[in-house]
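Okay, here's what each chain looks like letter by letter:
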Amino acid sequence: MAGENALKSREVSAMIKQGFISDQTLSFSPSRSISKLYSPTSSPSKTLSSPPPPPQLAGSTQSLTRPSQSQTLYEMMSDEQHRDSKLADRKVHEKVHKLLQNAPFRNPNWGGLVSGDVRLTVVAKDGFRVTMDVHKSVLAAKSRFFADKLRKDRGVSHCVEISDCDDVEVYVETVVLMYCEDLKRRLMGEEVSRVLGLLKVSAAIMYDEGIGSCLEYLKAVPWSEEEEGKVISQLNELQLHDDLASEVLLRVSSEPSTSARADEIFMRLLTGVLQAKDDRARREMKTLISRLLREDAASGSNNRLDVSKETLYHLCHRCLSSLVLCLSEATGMDDSRRDRGVLMAEIAREADNMQWIVDILVDKKMGDEFVKLWADQKELAVLHSKIPTMYRHEISRITAQLCIAIGSRQLLVPKETRFSLLSTWLEALYEDFGWMRRASFRSIDKKLVEEGISQTILTLPLQQQQGILLSWFDRFLNKGDDCPNIQKAFEVWWRRAFIKHVSEQENTQLQITVCDYPS
């Protein structure tokens, strides 16, 4: 028993040292104080009272305990949060104090009026209060809300309290704006989030001039992407029936677009990239447009307008026609008529264009029909075989793309189409593989291509697998690294064709005997 108590004592001591529990024998002395954080709109109310005292700023306080060496980890974290909160509160108080110091209504000679006749108090949700002596004539002239609340009891001083405000500082600044003659100049340089806060309060008290000035500001200044989201959300929430609000939103939306109109724009953009004269700009815009299309697809929005399947296949046919023309010219090329380097660049460019469109089709799950289209290009395949490998190897990348997509389950096509694809283009891919692998200006993932070819072959019936893999076996023994290494597919075929087949034969010869055992 004594041993157990000693063990427990050591465990408790360890927990105290690590900061998880406190030593109850130590005491704390009360010390610092903290004010809470606040916030703009609410449901204002009016009460009558005697003439107001001078403007004042007040805040609620709450006592805290001084940290001790025996504080737990939780207590230390709580104290840190309290210190951060106290610092934030102090900054808010300082900003409000500065606003009140420079407020026009603090000037005893403002507008020829001796003092304010309305005592306006703004109260945060936690009780933080700001009191201002303001003028009924200004409030009633600027705000339809105050005009309604203060229209009675002429010549009587009023007390008005706005309760449960989200942001006292913004509310005070909105009141200050009512006294400014040049709101545009006053808002200049403000953060968008700040102006959105002023807009919200202005809308709540029906301060039309403030609403208009905030909207004019938002219409004129640039927004970050984060600010754009806040502007759209705020304007949709406020539902301001104002032409200015509609003009602000014109930056992010236009008249309802039809699919036909959007497709015209997509066609123009994609065609422009395919026909670009500057190769660097062309590559950059391909990357950008591909990324934007992927982001749009990932957003999952049902209302987005996207490039149509018809547009993409129209571009595919154009690229195919260009490839046929280039290869036809290459097969009958006269050295005296045309520079080989120029023709080689044109073939590579058209093949690269086709690869880009195929990438988009695969990403959009629209590439099934292209597999059949590519498998049917018998004329192009014949032309391809008649020109040097250095001119044509970029075309075989298209076949590699399709095999990778089929092997990774991104394309679902009938077995006849898969077999036709390999029958038309696999030999060409074998022939060009060495050049594709060694090309310095374009990297190729050799393993990914080999895996794609392997998986595509293994989706075919066993007899078709056998014919293709036996042909590969002979080629690989003669070409080595210049031929795709699809040994894994060969192994799978071997097991399917022989080992599993033998096992099935053995299983058919098994006999089952039922015996009765004596009980």
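Sequence order sets the numbering: in each chain, residues are counted from 1 along the sequence as written. Restriction of local features to residues with pLDDT of at least 70 applies here, the model being predicted, together with a cutoff of 80 or more for giving and counting side-chain atom pairs; totals for whole chains, interfaces and linings are based on all residues. Excluded from the side-chain calculation are hydrogens and water; included are all heavy atoms of the structure.

S.K.: Just checking my understanding: could you explain the overall build of the chain for this structure?
M.R.: Numbering goes from the N terminus for both helices and strands, where a helix is a DSSP run of H or I of at least four residues and a strand is a run of E of at least two. Looking only at helices and strands, one finds 21 helices and seven strands in the chain. A 1.4 Å probe rolled over the protein chains alone gives each residue an accessible area, and that area as a share of the maximum for its type sets the label: buried under 20%, exposed over 50%, partly exposed in between. The buried share of the chain, taken over its 519 residues, is 40%.

S.K.: Explain a nonpolar patch on the surface to me, please; I cannot follow it from the model alone.
M.R.: A cluster of nonpolar side chains, Trp-494, Phe-498 and Ile-499, forms an exposed patch at the surface whose accessible area comes to about 310 Å². Note on placement: Trp-494 falls in helix α21 (residues 487-508). Any residue with relative accessible area above 30% and no salt bridge may belong to a patch, with like charges joined within 9 Å and the nonpolar Val, Leu, Ile, Met, Phe, Trp and Tyr side chains within 5 Å. Shrake-Rupley sampling with a 1.4 Å probe provides the accessible areas, and residues are treated as covered by the protein chains on show and by no other component. By definition, a salt bridge exists where a carboxyl oxygen of Asp or Glu is found within 4 Å of a side-chain nitrogen of Lys or Arg.

S.K.: Would you mind going over the packing of helix α18 (residues 415-438) against helix α20 (residues 462-479) with me for this structure?
M.R.: Helices that pack against each other are described as a pair by the angle of their axes relative to one another and the distance between those axes. Fitted lines through C-alpha atoms give the axes, limited to the stretch in contact for helices. The angle between two N-to-C directions lies from 0 to 180 degrees. Orientation of α18 relative to α20, taken along the N-to-C sense of each, is 5°, at an axis distance of 12 Å. Viewed along their axes, α18 and α20 adopt a mutual orientation that is roughly parallel. For the pair formed by α18 and α20, the contact residues are Phe-419, Leu-422, Leu-426, Glu-427, Tyr-430 and Glu-431 on the first element and Gln-464, Ile-468, Ser-471, Trp-472 and Arg-475 on the second. Only Asp, Glu, Lys and Arg are considered charged, only Ala, Val, Leu, Ile, Met, Phe, Trp, Tyr, Cys and Pro nonpolar, and every remaining residue, Gly among them, polar. When grouped by side-chain class, the residues that make up the contact of α18 with α20 number six nonpolar, two polar and three charged. By the definition adopted for this analysis, an angle is roughly parallel if under 35 degrees, roughly antiparallel if over 145, roughly perpendicular if from 65 to 115, and oblique otherwise. Any pair of residues with heavy atoms lying within 4.5 Å of one another is described as a contacting pair.

S.K.: Can you walk me through the packing of aromatic side chains in this structure?
M.R.: For any two aromatic rings, the description comes down to two numbers: the centre-to-centre distance and the angle of the planes. When two rings of Phe, Tyr or Trp (its six-membered ring) have centres within 6.5 Å they constitute a pair, described as stacked for plane angles under 30 degrees, edge-to-face for angles over 60, and tilted for the intermediate range. For the structure on display, the rule yields twelve aromatic pairs. Relative to Trp-425, the ring of Trp-374 lies with its centre 4.5 Å away and its plane at 10°, an arrangement referred to as stacked. One end of the pair, Trp-374, is in helix α15 (residues 368-375); the other, Trp-425, is in helix α18, with 51 residues separating them in the sequence. Here Trp-425 falls in the buried class, since its relative accessible area comes to 1%. Relative to Trp-493, the ring of Phe-490 has its centre 5.3 Å away and its plane inclined at 55°; by these criteria the two rings are tilted.

S.K.: Please explain unusual backbone geometry as it appears in this structure.
M.R.: Within the chain, Lys-365 stands out as a residue other than glycine whose phi angle is a positive 60°. Take Lys-365: it is sitting in the loop between α14 (340-363) and α15. Owing to a relative accessible area of 70%, Lys-365 belongs among the exposed residues under this scheme. Even without a glycine there, the phi angle at Arg-409 is positive, about 70°. Within the secondary structure layout, Arg-409 lies in the loop between α17 (389-407) and α18.

S.K.: Help me understand the pairing of strand β5 (residues 118-124), please; the structure alone is not making it clear to me.
M.R.: The two faces of a sheet get side chains in turn, since along a regular strand they alternate between them. Judged by how many residues are buried, β5 sits mostly within the fold: seven of seven residues are covered. Neither face of β5 is exposed, since Val-118, Leu-120, Val-122 and Ala-124 on one face and Arg-119, Thr-121 and Val-123 on the opposite face are all buried. Paired strands, in this sense, are two strands between which DSSP finds at least two bridges. Between β5 and strand β6 (residues 129-134), which pair antiparallel one after the other, the connecting turn spans four residues, and Gly-127 there sits at a positive phi close to 105°. Pairing of β5 with strand β7 (residues 158-165) involves six bridges; the strand directions are parallel. Paired with Val-118 across the bridge in β7 is His-158.

S.K.: Looking at this structure, I do not really get the nonpolar core. What am I missing?
M.R.: What tends to happen in soluble globular proteins is that the nonpolar side chains get buried as a cluster. Counting 55 residues, the largest nonpolar core has Phe-105, Met-132, Val-134, Phe-146, Val-172 and Leu-215 as its most contacted members. Considering each element in turn, this core owes the most residues, seven residues, to helix α5 (residues 168-177). Here Phe-105 is in contact with Leu-100, Met-132, Asp-133, Val-134, His-135, Val-175, Val-176 and Tyr-179, once residues within four sequence places are set aside. We define a nonpolar core as any set of buried Ala, Val, Leu, Ile, Met, Phe, Trp, Tyr and Cys residues linked to one another through side-chain atoms lying within 4.5 Å. In terms of nonpolar packing, the next biggest core, distinct from the first, is built from 49 residues, Val-307, Leu-323, Ile-347 and Ile-387 among them.

S.K.: I'm lost on α14 in this one. Help?
M.R.: Residues spaced three or four apart along an α-helix face the same direction, because each turn holds 3.6 residues. An expected span of 1.5 Å times one less than the residue number is assigned to each helix. Under the 1.5 Å per step criterion, the end-to-end length of α14 is 35 Å for 24 residues, consistent within 8% with the ideal 34 Å. Looking one or two residues beyond α14, the residue adopting positive phi is Lys-365, at roughly 60°.

S.K.: Whenever I open this one, the confidence of the model for the chain confuses me. Can you help?
M.R.: Close inspection of predicted coordinates is inappropriate in any region flagged by low pLDDT. Per-residue confidence from the prediction method is given by pLDDT, with values spanning 0 to 100. Confidence in the prediction for the chain averages 78 pLDDT; 72% of positions are at 70 or higher. The element-level mean pLDDT for the chain is lowest in strand β1 (residues 30-34), coming to 27, with α15 highest at 96. In this model residues 5-68 is a low-confidence stretch, pLDDT under 50, and it forms 138 contacts with partners more than four residues away in sequence or in other chains. Confidence drops under a pLDDT of 50 for residues 510-515, and excluding neighbours within four residues, the segment shows zero contacts in the predicted structure.

S.K.: Would you mind showing me how to read the environment of Ala-348 here?
M.R.: Along the chain, Ala-348 falls in helix α14. Residue class for Ala-348 comes out partly exposed when judged on its relative accessible area of 23%. A C-alpha to C-alpha distance of 9.9 Å links Ala-348 and Cys-326, two positions 22 residues apart in sequence.

S.K.: Looking at this structure, I do not really get the pattern of salt bridges. What am I missing?
M.R.: Close approach of charged atoms allows side chains of opposite charge to pair. On inspection of all chains with the given rule, the structure shows 27 salt bridges. One salt bridge connects Lys-415 with Glu-416, and the closest N-O pair in it is separated by 3.3 Å. The class of Lys-415 is partly exposed, set by a relative accessible area of 41%. Take Glu-416: its relative accessible area is 51%, and that puts it in the exposed class. The partner of Glu-431 in a salt bridge is Arg-475, with the nearest N and O atoms 3.1 Å apart.

S.K.: Help me understand the side chain of Glu-450, please; the structure alone is not making it clear to me.
M.R.: Structurally, the position occupied by Glu-450 is in helix α19 (residues 446-458). Under the rule applied, a polar contact is a pair of N or O atoms within 3.5 Å (in protein, one hydrogen donor and one hydrogen acceptor; residues adjacent in sequence only if both atoms are side-chain atoms). Of the polar contacts made by the side chain of Glu-450, one reaches the backbone nitrogen of Asn-485; its length is 2.9 Å. Once residues lying within four places of it in the same chain are set aside, the contact partners of Glu-450 are Phe-433, Pro-484, Asn-485 and Ile-486.

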